Amino acid sequence: MDASEIIKFISESKKRTPARVLFKGAVSSVDFSCFDEFYAGIDFVEVYDELVKIRAFIEKHPEIEVGRIEVDRNNSAVPLADISKFNARIEPGAVIRDKVDVGERCVIMMGAVINIGAEIGAGTMIDMNAVVGGRALIGKNCHIGAGTVIAGVIEPPSATPVVIEDNVLTGANAVVLEGVKIGKGSVVAAGAVVTADIPPYSVVAGVPAKIIKKVDDKTRSKTELVEALRNL
């Protein structure tokens, strides 16, 4: 998706504030069928629906007691992706928004966040707490290290997205700024901040990142991916 498509999708989407509410007390005398989803017990009812609808219901029925209200988003414009459609390993706590493409046999670890419009190539691992920003394009068989930040470029819409080509490895807590292209087979050292394009098969380090050498056999042995981790 380009920036204009994403902006149109967000601006025109129905903003949602879903809530989970526990009602107690005189619940047997009240009809809860107006809600999208509810579960009734002996002396309680649990409801799932939009918060504004639930609040109107509460005002209308002062005879029942509100035990708990849980809300995990407010006026949210982008739903989470249906992760069951991806043929990938996605661990608990990963956040993947709608309009994201996750390739075959990818691994998305705990705490990783992948924003709208991003594309993750087959066999790539997004490690713990990494952030892949909107419209970022990540190639095949990459390893995006724990805590890495790949800049997103939804706003301004004229910005160029980050492109990470195939077989790239980033160390922990690396940062790749908007518009940067990292060439095939390159290695970004832990903590590096990449502010300019990196040619293929380069090793970069530092703030800002600079080329320190070309990828050699020793580098390849230290950055080899483990296929067994991608087994489904």
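Above: the structure in question.
How each quantity is defined
- Residues numbered from 1 in each chain as written.
- Predicted model: local features only at pLDDT ≥ 70, side-chain atom pairs only at ≥ 80, totals over all residues.
- Heavy atoms only, no water.
- Pairing = 2+ DSSP bridges.
- Helix = DSSP H or I, 4+ residues; strand = E, 2+ residues; numbered from the N terminus.
- Axes fitted to C-alpha atoms, helices over the stretch in contact; angles between N-to-C directions.
- Contact = heavy atoms within 4.5 Å.
- Salt bridge = Lys/Arg side-chain N within 4 Å of Asp/Glu carboxyl O.
- Buried < 20%, exposed > 50% of the residue type's maximum accessible area, 1.4 Å probe, protein only.
- Polar contact = N/O pair within 3.5 Å; in protein donor to acceptor, adjacent residues only side chain to side chain.

**Some details on the sheet that holds strand 4 (residues 64–71)**
Taken in spatial order, the four strands make up an open sheet running 2-3-1-4, and their pairing is antiparallel. Only two strands of the sheet have a single partner each, and these edge strands are strand 2 (37–40) and strand 4. Each strand of the sheet is rotated relative to its neighbour by a mean of 15°, with strand direction disregarded. Relative to strand 3 (residues 44–50), strand 1 (residues 18–25) runs antiparallel, the two being bridged by seven bridges. Bridge pairing in strand 3 places P18 opposite E50. Against the sheet, helix 2 (residues 51–60) touches strand 1, strand 3 and strand 4, its axis set at about 135° to strand 3.

**Section: the pattern of salt bridges**
In total, this model carries 13 salt bridges according to the counting rule given. The salt bridge involving D49 is made with K53; its shortest N-O contact spans 3.2 Å. A residue is classified by how much of its surface remains accessible, and D49, at 6% relative accessible area, is buried. Between R220 and D217 there is a salt bridge; the shortest N-O distance is 3.3 Å. You can see R220 and its partner D217 sitting in helix 3 (residues 217–222), three residues apart, about one turn around the helix. Note on D217: relative accessible area 63%, which makes it exposed.

**Let's talk about the environment of F9**
Within the secondary structure, F9 is located in helix 1 (residues 3–12). For F9, a relative accessible area of 24% puts it in the partly exposed group. Note: C-alpha distance between F9 and K99 (90 residues apart in sequence) is 9.7 Å. Once residues lying within four places of it in the same chain are set aside, the contact partners of F9 are M1, A77, V78, P79, D98, K99 and I116.

**Focus: the environment of R73**
Of note, R73 is situated in the loop between strand 4 and strand 5 (89–90). Since its relative accessible area comes to 29%, R73 is described here as partly exposed. For the pair formed by R73 and G134, sequence separation is 61 residues and the distance between their alpha carbons is 19 Å. In this view, R73 contacts R16, T17 and P18; residues no more than four positions away in its chain are not counted. Within the structure, the side chain of R73 is placed 2.8 Å from the side chain of D72, a separation counted as a polar contact.

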